[in-house]
Amino acid sequence: MLPLLATSLIAFTVPAADRPCPRGVIDQIDGLYQWHVKPVDGNEDPDKAFSSQRQRFTPSLFKLLLEARQLTPVRDGRFIDFDVFSNTQVSTYGAKVSGCSAKNNNSIQAEVAVDVGLRGQSSGTPRRLLYKLNNSQGSWRINNITYLDGEVFELRRYLQKLIQPTP
C-alpha cells in the first residue's frame, strides 16, 4: 500500500505540459530517437555509437550512462536490464514530444510519448516519459528522465544506485 501511495504522490507532483516546447528541446529529443531506432550496423561498436550522442546529455548524466553501460552481469553482478529510452524490454519505434512545462529559465520538462512494441508492430499504447533538460550556453541537454508508467522512478537515481550499490 505504501509504495502505491508514494508512486501516486510522485505522479501527482509532475507538472502538466502547459505550453509548446522550444525548438531546441524538440530537436534534442527527436535526434536522440532517430539515432536510437535506426538499424544497428553489425560492424559498429555500440559504445562508440552511443558516444556520438554525447552532446544531447549533460556531462554528468552522460558519464552515468557510460559507466552503467559498461556493467555486466558476470563481472559486476548487475547491469542495465531495460531500454532507458522507453522503460521497456521491447523495440522502440519512435517518440513524440507532446508539450513542455518550465521549471525555471534554465530548465524545462518535456513530456514524451514513446512508441514501443514487439515483432515490428507497435503496441498502440505509448510509454510516458518526462525528460528534464537544462539550457547551458544556449543548448538544451537532457539531464534526467522520469518514467511515468508503472512504478514512477528517475533514471539518474537508478543509475547512481546501479553503479555504486549500497551494501
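Structure first, text after, so check above.
Cut-off values and rules
Residues numbered from 1 in each chain as written. Predicted model: local features only at pLDDT ≥ 70, side-chain atom pairs only at ≥ 80, totals over all residues. Heavy atoms only, no water. Helix = DSSP H or I, 4+ residues; strand = E, 2+ residues; numbered from the N terminus. Buried < 20%, exposed > 50% of the residue type's maximum accessible area, 1.4 Å probe, protein only. Areas by Shrake-Rupley, 256 points an atom, 1.4 Å probe, with all protein chains shown as cover. Disulfide = S-S within 2.5 Å. 1 Å grid on protein atoms, 1.4 Å probe; cavity = no way out; pocket = protein on both sides within 12 Å on 5 of 7 lines; lining within 4 Å. Points joined across faces, edges and corners; volume = space filled by probe spheres on them. Nonpolar A, V, L, I, M, F, W, Y, C, P; charged D, E, K, R; others polar.

A count of helices and strands for the chain gives six helices and six strands. When its helices and strands are written in sequence order, the chain yields α-α-α-α-α-β-β-β-β-β-β-α. Counting all 167 residues of the chain, 38% fall into the buried class. For the chain, the exposed surface amounts to about 10,000 Å²; the carbon and sulfur share of it is 54%.

Here we take up the state of the cysteines. As used in these notes, a disulfide is a covalent bond between sulfur atoms, one from each of two cysteines. Overall, the coordinates contain one disulfide when judged by the stated rule. At a sulfur-sulfur separation of 1.9 Å, the disulfide partner of cysteine 21 is cysteine 100. With the S-S bond torsion at 105°, the cross-link from cysteine 21 to cysteine 100 turns out right-handed. Here cysteine 21 is found in the loop between helix H1 (2-13) and helix H2 (23-37), whereas its partner cysteine 100 is found in strand S1 (residues 91-104), with 79 residues between them in sequence.

Taken as a whole, the largest pocket encloses approximately 570 Å³ of empty space. As for the largest pocket, its lining consists of 20 residues, of which Trp35, His36, Val40, Pro46 and Arg69 are closest to the centre. Contributions of two or more residues to the lining of the largest pocket are made by H2, helix H3 (46-51) and helix H4 (59-69). Tallying contributions element by element places H3 first for the lining of the largest pocket, with four residues. Here the lining of the largest pocket is built from residues that sort into twelve nonpolar, two polar and six charged.

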